[in-house]
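Geometric and topological summary
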Amino acid sequence: MATSFEKTSWRWQLEQFQQRFGEWIELRLRSDDRALNLDVFPPWLGVFLVRLTWLILAALIIWFGYRIIYPYWKRWIFTNRQQKSVERTTIDKAYTVAELLDRSHRFKGDGNYNEASRWLYLAMLQRLNDVKLIPQQLSRTDREYIQILRTVPHIEAGELLASTHEQVYFGNGIVTSEDFDRCQQAYHQIETSITQRENNPQHW
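Report on the accompanying structure. Since we're looking at a predicted model, the values are computed, not measured.

Observations regarding helix α6 (residues 142-151)
Those residues of α6 that fall on the buried side of the exposure criterion are Asp-142, Tyr-145, Ile-146 and Leu-149. Buried residues in α6, looked at end-on, bunch into an arc of 105 degrees, giving them a common side.

This is the structure:
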């Protein structure tokens, strides 16, 4: 019963195909032109040509996959990651700025600077949304927030928070305590600018 299964398996059929293909090539080499004395070719040449053909076929499939399929797959991965980034950024939208800052402070105390910087970034977005400088939108990505932050006067420091968040969740970056300190300084600069705006609108 086991022998019958083996003979009907795909591996056995593939071996049979390779053997027949090799025999066919060997026959072609020995019968196409006797005048060229092709009988001098060794018997293993047929097997070699079969394997070479499979290698060429595999190379063509890999090349086709890389040139045609890979760009679509890469675009799908990028879109999926961007969507996850949007979910991470907006899922906590119901929190107040104070609550977001409190969570950031807790993660900092635990030494988890990646999460601490994330919550600080969310606090910045919520603060900018509250004062109607940059309304939050579900469709916006970190890269889009970076571009917007560059165009709004006095809050350019927020670009550091956005780029840090992007590096952590897209590039698997690690935020050190020094990195987080810089993020905190950037947040305080934005907070100072917003306070000045609220106290002296003509300054803006």
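Side note on a nonpolar patch on the surface
A cluster of nonpolar side chains, Phe-48, Leu-52, Leu-55, Ile-56 and Leu-60, forms an exposed patch at the surface whose accessible area comes to about 480 Å². Secondary-structure assignment places Ile-56 in helix α3 (residues 44-90).

Digging into the packing of aromatic side chains
In the structure shown here, the tally under the stated rule is two aromatic pairs. Arranged with centres 5.7 Å apart and planes meeting at 85 degrees, the rings of Tyr-95 and Trp-119 form a pair that is edge-to-face. Remark: Trp-119 occurs in helix α5 (residues 113-130) and Tyr-95 occurs in the loop between α3 and α4 (97-109); sequence separation between them is 24 residues. On the accessibility criterion, Tyr-95 (24% relative accessible area) is partly exposed. A residue is classified by how much of its surface remains accessible, and Trp-119, at 5% relative accessible area, is buried. Between the aromatic rings of Tyr-113 and Phe-180, the centroid separation amounts to 6.0 Å while the plane-to-plane angle is 40 degrees, which identifies the pairing as tilted.

Topic: the environment of Leu-101
Assignment of secondary structure puts Leu-101 in helix α4. With relative accessibility at 29%, the residue Leu-101 sits in the partly exposed group. Linking Leu-101 and Trp-119, residues 18 residues apart in sequence, is a C-alpha distance of 6.7 Å. Every residue in contact with Leu-101, bar those within four places of it in the chain, is listed here: Leu-120, Ala-123 and Tyr-187.

Notes on the environment of Met-124
Along the chain, the position of Met-124 falls in helix α5. A sequence separation of 24 residues divides Met-124 from Leu-100, and the C-alpha atoms of the two residues are 9.0 Å apart. Leaving out residues up to four positions away in the same chain, Met-124 has contacts with Leu-149, Gly-158, Leu-161, Tyr-187 and Ile-190.

Concerning the nonpolar core
One finds Met-124, Leu-128, Leu-133, Ile-134 and Ile-155 to be the most contacted residues of the largest nonpolar core, which totals 31 residues. Every element with two or more residues in this core is listed here: α4, α5, α6, α7 (158-170) and α8 (177-199). Among the elements that line this core, the one with the most residues is α5, at nine residues.

Regarding the side chain of Arg-127
If you trace the backbone, Arg-127 turns up in helix α5. Reaching out from Arg-127, the side chain makes a polar contact with the side chain of Glu-191 at a distance of 2.9 Å. With residues up to four places along the chain from it excluded, the contact list for Arg-127 reads Val-97, Tyr-187, Glu-191, Ile-194 and Glu-198.

A look at the packing of α5 against α7
Running from amino to carboxyl end, α5 crosses α7 at an angle of 135 degrees, the nearest separation of the two axes being 9 Å. The orientation of α5 relative to α7 falls into the category oblique. The handedness of the crossing between α5 and α7 comes out as left-handed. Two secondary-structure elements touch here, α5 through Asn-114, Glu-115, Ser-117, Arg-118, Leu-120, Tyr-121 and Met-124 and α7 through Gly-158, Leu-161, Ala-162, Thr-164, His-165, Val-168 and Tyr-169.

Some points on α7
End to end, α7 covers 18 Å across 13 residues, agreeing with the expected 18 Å (1.5 Å per residue, within 8%). Of all 13 residues in α7, ten are buried; the element is thus mostly enclosed. Listed in full, the buried residues belonging to α7 are Gly-158, Leu-161, Ala-162, Ser-163, Thr-164, His-165, Glu-166, Val-168, Tyr-169 and Phe-170. Just past α7, the residue Asn-172 takes up positive phi, approximately 55 degrees.

Brief notes about unusual backbone geometry
The backbone phi angle of Lys-132 is positive, close to 60 degrees, even though this residue is not glycine. Residue placement: Lys-132 occurs in the loop between α5 and α6. The exposure class of Lys-132 is exposed, given its relative accessible area of 68%.

Quick notes on the rules
Residues numbered from 1 in each chain as written. Predicted model: local features only at pLDDT ≥ 70, side-chain atom pairs only at ≥ 80, totals over all residues. Heavy atoms only, no water. Buried < 20%, exposed > 50% of the residue type's maximum accessible area, 1.4 Å probe, protein only. Helix = DSSP H or I, 4+ residues; strand = E, 2+ residues; numbered from the N terminus. Arc of directions from axis to C-beta. Patch = residues over 30% accessible without salt bridge, like charges linked within 9 Å, V, L, I, M, F, W, Y side chains within 5 Å. Areas by Shrake-Rupley, 256 points an atom, 1.4 Å probe, with all protein chains shown as cover. Salt bridge = Lys/Arg side-chain N within 4 Å of Asp/Glu carboxyl O. Phe/Tyr/Trp six-rings, centres within 6.5 Å; stacked < 30°, edge-to-face > 60°. Contact = heavy atoms within 4.5 Å. Core = buried A, V, L, I, M, F, W, Y, C linked by side-chain atoms within 4.5 Å. Polar contact = N/O pair within 3.5 Å; in protein donor to acceptor, adjacent residues only side chain to side chain. Axes fitted to C-alpha atoms, helices over the stretch in contact; angles between N-to-C directions. Parallel < 35°, antiparallel > 145°, perpendicular 65-115°, else oblique. Left-handed = near helix turned anticlockwise from the far one by under 90°. Expected span 1.5 Å × (residues − 1).

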